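# Working through the structure, step by step
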Amino acid sequence: MTSQYTSLLASSTLDVAIVGGGPAGLMAAELLSNWGHAVHVFDAMPSVGRKFLLAGRGGLNLTHSEPADLFLGRYGAHRLQLTPVLQAWGAPELQAWAHGLGIDTFVGTSGRIFPKEMKAAPLLRAWLHRLRHPLTGQPVQFHMRHKLTGLSVGSPAQTGPISLSFDVQSLSSEHAQNLKLSAKSVILALGGASWARLGSDGAWVPWLQSLGVQVNPLQASNCGFHVAGRMGAGWTPFFESRFAGHPLKSVAITWTTQAGLTLTRQGEFVATAYGIEGSLIYTASADLREQIKSLGYAEFKLDLLPDRSLMQVSKEVSHPRGTRSLSSHLKSRLGLEGVKMALLNELLTPVQLHDPLKLAEAIKALPIRLTATRPIDEAISSAGGVAWDAMHAGHEIKALPGVFCAGEMLDWEAPTGGYLLTASMATGVHAAKALHDKMKGDEP
Ligand SMILES: Cc1cc2nc3c(=O)[nH]c(=O)nc-3n(C[C@H](O)[C@H](O)[C@H](O)COP(=O)(O)OP(=O)(O)OC[C@H]3O[C@@H](n4cnc5c(N)ncnc54)[C@H](O)[C@@H]3O)c2cc1C
């Protein structure tokens, strides 16, 4: 690198380098700069918070208002590790933080919490302004188009600065140039591996593993699934062409969790060309993905009329229908039509369709078989990441003293509902506190 600015950067040892300018990295940057550290945020993209902005496109769900025990339960297998993190900084703190930026929030009917404007852009704008012009502490310095490609630390005995290696993309040249920097402390907040075009591409996994850090494979979470269909080859061309994109509203699914529990949840999802996706499916996506991994397929039961009992449905189905077609009969007696009716036609045999008892049972518990998740790049979030055993309690990597981790790159997952942003930011807070305590402890 030749510019004066980069040679200055390269010749000094930075106080704190935060790599990754998503919600986790920005939250860590805010706290550390408030506490007087000189913070530098690096990001591979031309601007920070790109996935955060995308999250705001369909209504930014910041967090959830449900009781703490239920909230913590959403983190499933990683509840234990995230409990102290989220008890220290969770849904109430996140709301207070948003209010502090001048962003009003409201609780939706489902208990989810949103900014009043529903969007992420006003919040990100106010946040970046505060980071650049803080009332106390030091302004955060941003370095865009800096992609971290590796780092090295001294042996645990010599706690010297950490060397960071970046590929820097300049506006004037097609070729990235290498830049080596050193920092006293580093927070990695590199995200997972979905929506790679927004920056989180998971390219950090191999080099971090090569440094002796255990990283569990990144997998799709909150994702769509391919369906087997009646013949095992997905939806029929007829169903796909007529019903892809149609929502299944107010339905319920029942599935078995990895712990062997049977759960039922009500909500909605969408039929897609390849199968299904949507918030109700995301609720079960971790269990369904694991079932596919162990059995080669997963299955859940779909209740097309969750507000009616099997007995009520049976009674209506068995009502004499005279010369009416089955479709008009089910539409007039039960209000079943559109994609719901099409699903019955798609998945049941003619014998099942014309046997009132079997049909009623299918309306209340239609087996839906899944064969595969959609690719991770399309998912809302990733499961897997830096293993908890690879880190100390403050999320400092054991093999890399002085290097801390935060956000979705850690090994946890949760359904949609605001749990992803809350834990991403809370782990940013947690890593920042641990780094600050360590640096204070290191002072003479
Ligand atoms: C469509 C969609 C909708 C969503 N909606 C919601 C929602 O409503 N509510 C919710 O709670 N969650 C939602 N999420 C999830 C949420 O956005 C993520 O969980 C959250 O952004 C993760 O934060 P993070 O800081 O850990 O990672 P990210 O936001 O992914 O940020 C990581 C940053 O690191 C940078 N980076 C990666 N590798 C490198 C490298 N080698 N060098 C330098 N920089 C690098 C990236 O460019 C990126 O800026 C949604 C996600 C998607 C895709």
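To keep things clear, this report deals only with the structure shown in the data block.

Cut-offs applied
- Along each chain, the written sequence defines residue order, and numbers are assigned to residues from 1.
- Where totals are concerned, whole chains, interfaces and linings use all residues; where local detail is concerned, this predicted model gives features only for residues with pLDDT of at least 70, and gives and counts side-chain atom pairs only at 80 or more.
- Side-chain numbers here rest on the full set of heavy atoms in the structure, without hydrogens or water.
- Here a strand pair is declared whenever DSSP counts at least two bridges between the two strands.
- Strands are runs of DSSP state E lasting at least 2 residues, helices are runs of H or I lasting at least 4, and numbering of each runs from the N terminus.
- Pairs were defined over the aromatic rings of Phe, Tyr and Trp, the Trp ring being its six-membered one, requiring ring centres within 6.5 Å. Orientation was assigned from the angle between planes: stacked under 30 degrees, edge-to-face over 60, tilted for the rest.
- Each residue gets one of three labels from its accessible area relative to the maximum for its type: buried under 20%, exposed over 50%, partly exposed in between, using a 1.4 Å probe on protein chains only.
- In this context, the arc is that of the directions from the helix axis out to the C-beta atoms.
- Whether two residues are in contact is decided by their heavy atoms: any pair within 4.5 Å suffices.
- Angles shown run from 0 to 180 degrees and are taken between the N-to-C directions of axes, each axis being a line fitted to C-alpha atoms and, for helices, limited to the stretch in contact.
- Orientation labels follow simple angle bins: below 35 degrees gives roughly parallel, above 145 gives roughly antiparallel, 65 to 115 gives roughly perpendicular, and whatever is left gives oblique.
- By convention the crossing between two helices is left-handed if the near helix lies anticlockwise of the far one by an angle smaller than a right angle, and right-handed if it lies clockwise.
- Three classes are used, and their members are as follows: Ala, Val, Leu, Ile, Met, Phe, Trp, Tyr, Cys and Pro are nonpolar, Asp, Glu, Lys and Arg are charged, and the others, Gly among them, are polar.

Before going further, it helps to spend a moment on the sheet that holds strand E3 (residues 63-64). Taking strand neighbours across the sheet as the criterion, the three strands line up as E3-E5-E4 in an open arrangement whose pairing is antiparallel. With one partner strand each, in any of the chains shown, E3 and strand E4 (105-107) form the two edges of the open sheet. Pairing geometry for E3 and strand E5 (residues 112-115), over two bridges, is antiparallel. In the strand pairing of E5, Thr63 is matched with Ile113.

All right, on to the packing of aromatic side chains then. What characterises a pair of aromatic rings is the spacing of the ring centres plus the angle enclosed by the ring planes. A complete count under the given rule lists 11 aromatic pairs for this structure. With centroids separated by 4.4 Å and ring planes inclined at 40°, the aromatic side chains of Trp235 and Phe239 adopt a geometry described as tilted. Judged by relative accessible area, Phe239 falls into the buried class, the value being 1%. Between Phe239 and Phe243 the ring centres are 5.4 Å apart and the planes differ by 35°, which places this aromatic pair in the tilted class. Pair noted here: Phe239 and Phe243 are both in helix H9 (residues 237-243), with a separation of four residues, about one helical turn. For the residue pair Phe239 and Phe243, the accessibility class agrees, reading buried in each case. Joined through ring pairs, the aromatic side chains of Phe71, Tyr75, Trp412 and Tyr419 make up one cluster.

Let us now look at helix H12 (residues 326-334). In an α-helix, one turn spans 3.6 residues, which is why side chains three or four residues apart end up on the same side. For H12, the full list of buried residues reads Leu326, His329, Leu330 and Leu334. One face of H12 carries all of its buried residues, which in axial projection span an arc of 95°. Looking at the buried side of H12, the elements it contacts are helix H11 (310-318), helix H13 (338-347), helix H14 (350-353) and helix H15 (356-364). Phi turns positive, to about 70°, at Gly335, one or two residues after H12.

Looking now at the packing of H11 against H15. Where H11 meets H15, the closest approach of the two axes is 9 Å, and the angle between their N-to-C directions is 135°. In terms of orientation, H11 lies oblique with respect to H15. Crossing hand, H11 versus H15: right-handed. Every residue of H15 that contacts H11 at Leu310, Val313, Ser314, Val317 and Ser318 is listed here: Pro356, Leu357, Leu359, Ala360, Glu361, Ile363 and Lys364. Here the residues of the contact of H11 with H15 sort into eight nonpolar, two polar and two charged.

Take the sheet that holds strand E11 (residues 225-227) next. Strand order in this closed barrel of six strands is E11-E14-E13-E12-E15-E16, and the pairing throughout is antiparallel. Strand-to-strand twist in this sheet, taken as the mean axis angle between neighbours without regard to direction, amounts to 45°. Both E11 and strand E16 (residues 366-373) contribute to a ladder of three bridges, which runs antiparallel. Counted as the bridge partner of His226 is Ala372 from E16. Docked against the sheet, helix H10 (residues 279-295) engages E11, strand E12 (247-256), strand E13 (262-271), strand E14 (275-277), strand E15 (298-303) and E16, running at close to 35° with respect to E12. Contacts between H13 and the sheet are confined to E12, E13, E15 and E16, with E12 contributing the most and set at about 50° to the helix.

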